[in-house]
Amino acid sequence: MSSLPVTTKHRINRIPQIPHVWEGDIFPIGEMLDNLEPELKNNGQCIVWVDGSEGFIRTMDVVKGNTGPEAMVRALLKAIEKPQSPAEPARPHKVVVRDRELQFFLRGALQGLDIDVDYQGDLPLLDELWNNLQQVQPQKVGNIPPQLLEKLEERAIALMWEQAPWTLLAEYNLIEIKIDAYNVESLYACVMGMMGQEFGVIFYRSLDSMKKFRLMAGEMGDSTMEEGDIERAFLQQDCWFVNFSLDDSDFDEEDEEQQLWYELFLAEAQYDVPVQVVFGSIHPYEGIRPLVDAEELDPLYLGIEALGKFVQKNKKRLEKDPTQAISHQYSIKLPWGNSKPHPVKVRTMPEVTAELEAIEGNLHGDFAEEEDTDIISSDLFPEDCVISFGSFSENIIKSIEAKPSVWVDTEGIVFENDNDKIPVIIIQTTRPKGKLVVEQLIKEEGIEYLFFTSGEDPFYGGTFDLPMIKTQGGINHVIAEIEQEGENFANTVKKWSQKTKKWQGKCGVAIAMGSTGVNRGSPKEQHILAFFATDLVSKEKAGLDKLVLNIEMM
């Protein structure tokens, strides 16, 4: 059995102890959260710790059924350090449970905290509390007629799921939906799914709450953040949400080929499979909950319908540049009741998108301070980026240079005639990831040179071809690790390198988006996010003849 770290014990023991007895138990959720968390319907449990002396709940945590007794300890520590209001942080004199095995487990886990752990076969306070919750929850969800939810779900699938706006927009490409009805002035929509994680749309009721959450979310990777901090950041949102999920029970995460096809399948929105739609709300005072009143359906329906029409009408423009200013007005009638059509105005918010992109760049662009030795980083370029080799004519470079959203550095490149083409290595990823790469390269003052070397993994015996760049900031970035299976990559590099001799080693590095679409591996001109002029040098000149993978690089 694991024991608490000494530092944790010291922290808990500094919290004042009170002469109270707390009761704790685990209850099956059953149908209580069916509308919000379908995956927990048959296997969900709720951990409750209640102060028996005061009669109020200190914490409630929803977990999966196979979480184990450790979850009871986590919930108890939360009840001690960060209890629900109005309780203050406090350490109980005694805790009581009605499971013998759990009692013995807690005795071992809580050693050194001066908390007695007792067994009691009957806990009437907890039972009464749980019975009350079971009676209340169905009544709240039942306020919405099922046929209205079915209509909302039908439109969400047709306008959101089948159009897949997350393949066009990044999470920070905000869309304002001005409603001016049903106590809602505007909703601010952003997508989930361009990173290939969750799929859905968030409709923020407050622009300030969205900005605050994005700022806090960017800090979630900080190792100093605790579970409670992440939860508080999540609950700072003020929004409605629509989530989509597939039945992927047959999906094998270990099968790389299957995983690639699965990702392409999602990216191309060919969704001829059953889909589960989940609607809900998040608010700092209410927490996360399902839709509980028909009054919520009116503005949410208008938001889904307006956003769907907007994406449908402007798909090509959004695909080309989702940061441009686009605005349209629609007349939308609710499918229930006898209300008149509502005028709804939808527009992109380039100024907010730029602000959020700056936040993302600041949060993810921090690199270690330079040392005397060569700095090697494998964190800049995404693992799933695609590399291709080509060449750009002067016309292509002028065309992308004319776009204000594309960064172009052509220093040292001189085209002598119309047939000249500069050799270019193209690194393709998704648009949001590509934007972060470009921002960091600009911050490091561009690319000093490009080179190709090799790497070795002593742990698994693998060898790799490593295309790399060194920036003017002095950092060597690994672009990709390409397994040495045959001579295909080496031959491609050799042929491409020959073309740079005509340019005295001059070449270009282009960052492109579109790695999850039909143009994966063959990006077009409109996919280019940035172009950097640089020089191709040998690995000997770069001073990195061969790299050996160590634990820190894994």
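The notes below deal with the structure included here.

About the thresholds
Residues numbered from 1 in each chain as written. Predicted model: local features only at pLDDT ≥ 70, side-chain atom pairs only at ≥ 80, totals over all residues. Heavy atoms only, no water. Helix = DSSP H or I, 4+ residues; strand = E, 2+ residues; numbered from the N terminus. Buried < 20%, exposed > 50% of the residue type's maximum accessible area, 1.4 Å probe, protein only. Contact = heavy atoms within 4.5 Å. Areas by Shrake-Rupley, 256 points an atom, 1.4 Å probe, with all protein chains shown as cover. Salt bridge = Lys/Arg side-chain N within 4 Å of Asp/Glu carboxyl O. Core = buried A, V, L, I, M, F, W, Y, C linked by side-chain atoms within 4.5 Å. Pairing = 2+ DSSP bridges. Axes fitted to C-alpha atoms, helices over the stretch in contact; angles between N-to-C directions. Parallel < 35°, antiparallel > 145°, perpendicular 65-115°, else oblique. Left-handed = near helix turned anticlockwise from the far one by under 90°. Nonpolar A, V, L, I, M, F, W, Y, C, P; charged D, E, K, R; others polar. Polar contact = N/O pair within 3.5 Å; in protein donor to acceptor, adjacent residues only side chain to side chain. Phe/Tyr/Trp six-rings, centres within 6.5 Å; stacked < 30°, edge-to-face > 60°. Lys NZ or Arg CZ within 6 Å of the ring centre and 35° of its normal.

**A look at the overall build of the protein chain**
Along the backbone of the protein chain there are 15 helices and 24 strands. A total of 554 residues make up the protein chain; the buried ones form 48% of that total. Residue pairs in contact within the protein chain that sit at least 24 positions apart in sequence constitute 69% of those at least 6 positions apart. Of the roughly 28,400 Å² that the protein chain leaves accessible, carbon and sulfur atoms contribute 47%.

**Quick word on the pattern of salt bridges**
Taken as a whole, this structure holds 20 salt bridges when the rule is applied. A salt bridge links Asp127 to Arg98; the shortest N-O distance between them is 2.6 Å. With Asp127 in helix H4 (residues 124-141) and Arg98 in the loop between strand S4 (91-97) and helix H3 (100-109), this residue pair connects regions lying 29 residues apart in the sequence. With a relative accessible area of 24%, Asp127 lands in the partly exposed category. Judged by relative accessible area, Arg98 falls into the partly exposed class, the value being 22%. In this structure, the salt-bridge partner of Glu305 is Lys309, at a minimum N-O distance of 3.9 Å. Remark: Lys309 and Glu305 occur in helix H9 (residues 297-313); sequence separation between them is four residues, near one turn of the helix. Among the residues examined, Glu305 registers a relative accessible area of 6% and is labelled buried. Beyond isolated ion pairs, a larger network of salt bridges with shared partners links Asp25, Arg98 and Asp127.

**Details of the nonpolar core**
Ranked by size, the top nonpolar core spans 48 residues in total, and within it Ile177, Phe203 and Phe279 carry the most contacts. With nine residues, the single largest contributor to this core is H9. Counting 26 residues, the second largest nonpolar core, distinct from the first, contains Val438, Val493, Met513 and Leu536.

**Description of the sheet that holds strand S3 (residues 56-64)**
The strand order across the open sheet formed by five strands is S3-S2-S1-S4-S5, and the pairing between neighbours is mixed. Edge positions in the open sheet fall to S3 and strand S5 (116-119), since each of these has one partner strand only. Geometrically, the sheet is characterised by an average inter-axis angle of 25 degrees between neighbouring strands, direction not taken into account. Pairing geometry for S4 and S5, over four bridges, is parallel. Bridge pairing in S5 links Val96 to Asp118. In this fold H3 packs onto strand S2 (44-51), S4 and S5, with an angle of close to 170 degrees to the strand it touches most, S5.

**Some details on the sheet that holds strand S23 (residues 528-535)**
Spatially, the five strands line up as an open sheet ordered S15-S17-S22-S23-S16, and their pairing is mixed. Two strands lie at the open edges of the sheet, namely strand S15 (386-393) and strand S16 (407-409), each paired on one side alone. Strand-to-strand, the axes of this sheet are offset by a mean angle of 25 degrees, without reference to chain direction. One ladder, built from three bridges, connects S16 with S23; its direction is parallel. Its bridge partner being in S23, Asp409 is matched across the sheet by Phe532.

**A look at the packing of helix H5 (residues 146-161) against H9**
Two measures define how a pair of helices packs: the angle their axes make with one another and the distance between the axes. The N-to-C vectors of H5 and H9 enclose an angle of 20 degrees; their axes lie 9 Å apart at closest approach. Classified by the angle their axes make, H5 and H9 are roughly parallel. H5 and H9 meet at a crossing whose hand is left-handed. On H9, the residues that touch Leu148, Leu149, Leu152, Arg155, Ala156, Leu159 and Met160 of H5 are Leu297, Leu300, Tyr301, Ile304, Glu305, Leu307 and Gly308. In terms of residue class, the contact of H5 with H9 is built from eleven nonpolar, one polar and two charged.

**As for the side chain of Gln237**
Examined against the element boundaries, Gln237 turns out to sit in the loop between helix H7 (227-234) and strand S9 (239-246). Assessed through its relative accessible area of 2%, Gln237 is described here as buried. A distance of 2.7 Å separates a polar atom in the side chain of Gln237 from a polar atom in the side chain of Tyr204. When near neighbours in sequence (up to four residues on either side) are disregarded, Gln237 contacts Ile202, Tyr204, Ser209, Phe213, Ile282, His283 and Pro284.

**Section: the packing of aromatic side chains**
Tallied over the entire structure, the rule returns 14 aromatic pairs. By the ring-pair criterion, three or more aromatic residues cluster together here, those being Trp161, Trp166, Phe199 and Phe244. Note that Arg205 overlies the ring of Trp240, its terminal NZ or CZ placed 4.6 Å from the centroid.

**A word on the pairing of strand S12 (residues 327-332)**
Burial along S12 is one-sided: His328, Tyr330 and Ile332 are buried, and none of Ser327, Gln329 and Ser331, which face the opposite way, are. One ladder, built from six bridges, connects S12 with strand S13 (residues 342-348); its direction is antiparallel. Paired with Ser327 across the bridge in S13 is Arg347.

**So, the environment of Leu529**
You can see Leu529 is positioned in strand S23. Considering only alpha carbons, one finds Leu529 and Arg431, 98 residues apart in sequence, at a separation of 8.0 Å. With near-sequence residues (within four places) excluded, Leu529 lies in contact with Ser405, Val406, Trp407, Arg431, Gly434, Lys435, Val438, Ile511, Ala512 and Met513.

**Focus: the packing of helix H2 (residues 70-81) against H3**
Taken N-terminus to C-terminus, the directions of H2 and H3 make an angle of 55 degrees; their axes are 10 Å apart at the nearest point. Our classification of the angle between H2 and H3 gives oblique. Pair H2 / H3 crosses with right-handed handedness. On H3, the residues touching Glu70, Met72 and Val73 of H2 are Leu102, Phe105, Leu106 and Ala109. Each residue belonging to the contact of H2 with H3 can be placed in one class, and the counts come to six nonpolar, no polar and one charged.

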